[in-house]
Amino acid sequence: MRLAILSNAGGSGKTTLASHLAYLLAKKGYSVALLDLDPQGSVSLFCGLSRPEANQTIATVLSDDFSGKWPLSPLWEESVNNVVACQGELTLVKTISELTHHPRGAYLLNDRLLDYPLSQQIVIFDCPATLGPLSTIAISASTHILIPIQVEPKSIDGSAKLLEWIYHTCGLLRLNPFPLIMGVVPNQYDQRVAIHRNILEQINPLLQQLNIHCFEPIRYSSEFKNASSKGLPIHLYRPAHAAGKDFYPIIKSLISQLAQEETNE
Ligand SMILES: Nc1ncnc2c1ncn2[C@@H]1O[C@H](COP(=O)(O)OP(=O)(O)O)[C@@H](O)[C@H]1O
Ligand SMILES: [Mg+2]
């Protein structure tokens, strides 16, 4: 499974979702690789890694002289032993312009994964907020897509536009099959806030019309920021915190997809 975490808004919770799913899937016994496709390199911070050396990032993997040796760092070793990350860095900005001119530009990540397969069962792509070349290579390399959104008014129109962009891009890339959009994940949800409840009520039927699943929201908790500043998922930072459970339906859905694919094979 190659899962792209995609959104056209900054701060919607892509890195939070990507890192927490990576942790929980590893905890369930799956092996996971988390690839940071964002020049901001937030995976490093959220996963407690120090700044990578210049030739030890995903930019190296995407360069023409890539040797085939993926730069992977283990994560949360005190708790799990089957999750690694390939770090992102500001040098990805240069990669963006290289991808634009590369004859295989839009397919380069998929090419790398075919030529130099990762051994992990699940590869998660943490995407940038811009729908540019880095999001495009994630789409063309992905089998599944998850879309986190912040519960705020602009997300309603924003998610409709994102879905339009995804379908349009998959068509242009002639992907066959298209990656499966597993659903939208409302994030930073506070049920006491009327506008939050209101937005969920509006988004749900909209997604239903498009036949896209809307997951139960991830609640707002300041502990997410605290946990990420320590490089930990909330499950390790505050093991008893209720927000940790908000990810379970997504994990359940991912595991059932994985099981389904195993049967198909
Ligand atoms: N459910 C949540 N409650 C509170 N803060 C959150 C939640 N999810 C994410 N955050 C915080 O919001 C900020 C943006 O989240 P992040 O995952 O970095 O978004 P993105 O990767 O889409 O830019 C981070 O500081 C993160 O810790
Ligand atoms: Mg991010």
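Here the structure is a predicted model, which means the values were calculated and not measured.

Remarks on the sheet that holds strand 2 (residues 32-36)
Point 1. Taken together, seven strands build an open sheet; the order of strands is 3-4-2-5-1-6-7 and the sheet is mixed. Every interior strand has two partners, whereas the edge strands, strand 3 (73-74) and strand 7 (180-187), have only one.
Point 2. In this sheet, strand 5 (residues 122-126) lies alongside strand 1 (residues 2-5) in parallel orientation, the contact comprising four bridges. Pairing of isoleucine 5 across the sheet is with aspartate 126, part of strand 5.
Point 3. Contacting strand 1, strand 2 and strand 5, helix 5 (residues 108-115) crosses the sheet at an angle of about 155° to strand 1.
Point 4. Packed on one face of the sheet, helix 11 (residues 248-264) meets strand 1, strand 5, strand 6 (144-150) and strand 7 and runs near 170° to strand 7.

Overview of the packing of helix 7 (residues 154-172) against helix 8 (residues 194-209)
Point 1. The contact between helix 7 and helix 8 brings their axes to 10 Å, and the two run at 25°. Considering the angle they form, helix 7 stands roughly parallel to helix 8. Here helix 7 and helix 8 pass one another in a crossing that is right-handed. In this structure, helix 7 uses Ile156, Ser159 and Leu163 to contact helix 8, whose residues at the interface are Ile199, Gln202, Ile203 and Leu207.
Point 2. In terms of residue class, the contact of helix 7 with helix 8 is built from five nonpolar, two polar and no charged.

As for the site of ligand 1
Point 1. For ligand 1, the set of nearby residues contains 17 residues, the closest of which are Gly11, Lys14, Thr16, Asn187 and Arg219.
Point 2. Contacts to ligand 1 include glycine 11, whose backbone N or O atom sits 2.9 Å from an oxygen atom.
Point 3. Contact between ligand 1 and threonine 16: an oxygen atom at 2.6 Å from a side-chain N or O atom of the residue.
Point 4. Of all the secondary structure elements, the ones that give two or more residues to the shell around ligand 1 are helix 1 (14-27) and helix 9 (223-229).
Point 5. When the residues that make up the shell around ligand 1 are grouped by side-chain class, the tally is four nonpolar, ten polar and three charged.

Concerning the pattern of salt bridges
Point 1. Tallying each qualifying case throughout the model produces eight salt bridges.
Point 2. A salt bridge links aspartate 111 to arginine 104; its shortest N-O distance comes to 2.8 Å.
Point 3. Taking the relative accessible area as the measure of exposure, arginine 104 reaches 39% and is therefore partly exposed.
Point 4. For the salt bridge of lysine 154 with glutamate 152, the shortest nitrogen-to-oxygen distance reads 3.5 Å.

Some remarks on the environment of leucine 173
Point 1. The residue leucine 173 is located in the loop between helix 7 and strand 7 in this model.
Point 2. Given the relative accessible area of 9%, leucine 173 is considered buried.
Point 3. Sequence spacing of leucine 173 and alanine 106 is 67 residues, and the spatial spacing of their C-alpha atoms is 7.8 Å.
Point 4. Among all residues touching leucine 173, those that are not within four sequence positions of it are Ala106, Tyr107, Thr136, Ile139 and Ser140.

The rules behind each value
Throughout this document, residue positions are counted from 1 along each chain, in the order its sequence is written. Written order determines the labels here, with chains lettered from A and ligands numbered from 1. Local features in this predicted model are restricted to residues of pLDDT 70 or higher, and side-chain atom pairs are both shown and tallied only at a pLDDT of 80 or more, whereas totals for entire chains, interfaces and linings draw on every residue. Hydrogens and water molecules were not included; the side-chain quantities draw on all heavy atoms of the structure. Any two strands with at least two DSSP bridges between them are considered paired. Strands here are runs of E lasting at least two residues and helices are runs of H or I lasting at least four, both read from the DSSP assignment and numbered beginning at the N terminus. Two residues qualify as a contact provided that any one of their heavy atoms is within 4.5 Å of a heavy atom in the partner residue. Only the contacting stretch of a helix is used when fitting its axis, a line to C-alpha atoms as for every element, and angles between N-to-C directions run 0 to 180 degrees. Note on terminology: angles under 35 degrees are roughly parallel, angles over 145 are roughly antiparallel, angles of 65 to 115 are roughly perpendicular, and the others are oblique. What makes a crossing left-handed is the near helix being turned counterclockwise from the far one by less than a right angle; a clockwise turn instead makes it right-handed. Just so you know the grouping, Ala, Val, Leu, Ile, Met, Phe, Trp, Tyr, Cys and Pro go in nonpolar, Asp, Glu, Lys and Arg go in charged, and all remaining residues, Gly too, go in polar. What makes a residue near a molecule or strand is one non-hydrogen atom of that residue sitting within 4 Å of it. In the analysis that follows, any N or O atom pair within 3.5 Å is treated as a polar contact, provided that within protein one partner can donate a hydrogen and the other can accept it, and provided that, for residues neighboring in sequence, both atoms belong to side chains. Salt bridges are defined as contacts in which a side-chain nitrogen from Lys or Arg sits within 4 Å of a carboxyl oxygen from Asp or Glu. Each residue is placed in one exposure class: buried if its accessible area under a 1.4 Å probe, protein chains only, is under 20% of its type's maximum, exposed if it is over 50%, and partly exposed if it falls in between.

These figures come from the coordinates and say nothing about function on their own.
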